[in-house]
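Descriptive analysis of the structure
Each chain is listed here by its residues.
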Amino acid sequence: MTRADMATVEQTLAGHRTLRKYVLPGERVVLTRRSHWAKLMEPCVTTVVGFVLVAWLVDVAGPVVGDRSAWLWVLWFALLARLGWRVLDWRNEWFVATDKRMLMLYGLITHKVSMMPLVKVTDMRYSRSIVGRVLGYGEFTLESAGQDQALSRIAWVADPDATYRELCGIIFTPTQAPHSRPPSVAVRRPAAVPDGHPDWPPVRPGDTQPIRIPPRSTPAGDGAGWAVSGGAGTFVPIHDPVERYDD
């Protein structure tokens, strides 16, 4: 994530108290997304078509039914109220991804939160329809081990390519604590420092102790084999005390 993206996330959190309410202490918010504006395309088109249709009906039926044709506008105002409700609901819907989980916040009257821990995500399918490629939205389907999770489908994802890369980065690239080592690796310490100095590093319980091998003493006369003295070597023949008999 770039510094500009991080600043955008911080500004979003600062301006929306609802988002801050569901983020745990110690969590790092990676991205925040509203649903794509194409989610509002259907109610917008329905409202416009309804206006044209009602205006035509009033114009045609007006001479026949008189002022009672004005009641047809009630139908259009119902469509307009539906559009306003969808817009408010869209503004209240957020997708939030942190370094520990993914959340979907939605609901205008009854606030709902669907969550998926990152450790349970085993695969993520990314799909874009023809209309989605034209308008710029996509859909994610999350797969997890075990039972069905509350958050398994994320639709109307805005900026889907960049969102997909960021999610894969936090789901399938776990971070490790710096200067950490696997618990199975034992710590070895060097031998004692001469002149009476203490060992370093200090020995802790469970550390593997070094195996001390005493220096090899060289006898005055070597046995059978190579007799080595200084940088020169002399071969000493080997006499097998056991007599061998050929069959």
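Because the structure is predicted, anything quoted here is derived from the model rather than measured.

**Topic: the overall build of the chain**
Counting its regular elements, the chain contains six helices and nine strands. Relative to its full complement of 247 residues, the chain shows a buried share of 26%. Sequence-distant contacts in the chain: of pairs separated by 6 or more residues, those separated by 24 or more amount to 46%. Working note: accessible area of the chain is about 17900 Å², and carbon and sulfur atoms make up 60% of it.

**Some words on the nonpolar core**
Most often, soluble globular proteins keep nonpolar side chains buried together rather than apart. Among the nonpolar cores identified, the biggest contains 19 residues, and F95, M102, I154, L167 and I171 are the most heavily contacted of them. Contributions of two or more residues to this core are made by β1 (29–34), β2 (94–98), β3 (101–106), β5 (121–127), β6 (137–144), β7 (153–158) and α6 (160–171). A total of four residues in this core trace back to one element, the largest contributor, which is α6. Every residue in contact with M102, bar those within four places of it in the chain, is listed here: F95, V96, A97, S114, M115, M116, L118, V121, L142, L151, L167 and I171. Formed by six residues, the second largest nonpolar core is a distinct cluster that contains V29, V96, L103 and L105.

**Observations regarding unusual backbone geometry**
A positive phi angle is found at W156, which is not glycine, with a value near 55°. For W156, a relative accessible area of 29% translates into the label partly exposed. At D159, a residue that is not glycine, the phi angle is positive and equals roughly 50°. Judged by relative accessible area, D159 falls into the partly exposed class, the value being 44%.

**Structural notes on α6**
Between its first and last C-alpha atoms α6 spans 16 Å; for twelve residues at 1.5 Å apiece the expected length is 16 Å, and the two agree. Along α6, the residues that are buried comprise P160, A162, T163, E166, L167, C168, I170 and I171.

**Notes on the sheet that holds strand β4 (residues 112–117)**
Pairing in this open sheet of four strands is antiparallel, and the strands run β1-β2-β3-β4 from one edge to the other. Only two strands of the sheet have a single neighbouring strand rather than two, namely β1 and β4. Averaged over neighbouring strand pairs, the angle between their axes works out to 15° when direction is ignored. Pairing of β1 with β2, which is carried by five bridges, proceeds in the antiparallel orientation. Counted as the bridge partner of R33 is F95 from β2.

**Notes on the sheet that holds β5**
As a general point, the strands of a sheet are linked pairwise by backbone hydrogen bonds and lie either parallel or antiparallel. Spatially, the three strands line up as an open sheet ordered β5-β6-β7, and their pairing is antiparallel. Looking at which strands have only one partner, the edges of the open sheet turn out to be β5 and β7. Pairs of neighbouring strands in the sheet enclose a mean axial angle of 25°, with direction left out of account. Across four bridges, the pairing between β6 and β7 is antiparallel. Looking at β7, one finds that G138 is bridged to V157. Sheet strands in contact with α6 are β5, β6 and β7, and its direction is about 170° off that of β5.

**Side note on the packing of aromatic side chains**
To describe a pair of aromatic rings, one takes the distance between the centres and the angle between the planes. Per the counting criterion, the structure on display carries eight aromatic pairs. For the pair Y126 and F140, a centre-to-centre distance of 5.2 Å together with 70° between the ring planes defines the contact as edge-to-face. One end of the pair, Y126, is in strand β5; the other, F140, is in strand β6, and 14 residues separate them in sequence. Take Y126: its relative accessible area is 24%, and that puts it in the partly exposed class. Seen from their ring centres, Y137 and W156 are 4.8 Å apart, and the 35° between their planes marks the pair as tilted. Pair noted here: Y137 is in strand β6 and W156 is in strand β7, with a separation of 19 residues, a long-range link.

Rules behind the numbers
- Residues numbered from 1 in each chain as written.
- Predicted model: local features only at pLDDT ≥ 70, side-chain atom pairs only at ≥ 80, totals over all residues.
- Heavy atoms only, no water.
- Helix = DSSP H or I, 4+ residues; strand = E, 2+ residues; numbered from the N terminus.
- Buried < 20%, exposed > 50% of the residue type's maximum accessible area, 1.4 Å probe, protein only.
- Contact = heavy atoms within 4.5 Å.
- Areas by Shrake-Rupley, 256 points an atom, 1.4 Å probe, with all protein chains shown as cover.
- Core = buried A, V, L, I, M, F, W, Y, C linked by side-chain atoms within 4.5 Å.
- Expected span 1.5 Å × (residues − 1).
- Pairing = 2+ DSSP bridges.
- Axes fitted to C-alpha atoms, helices over the stretch in contact; angles between N-to-C directions.
- Phe/Tyr/Trp six-rings, centres within 6.5 Å; stacked < 30°, edge-to-face > 60°.

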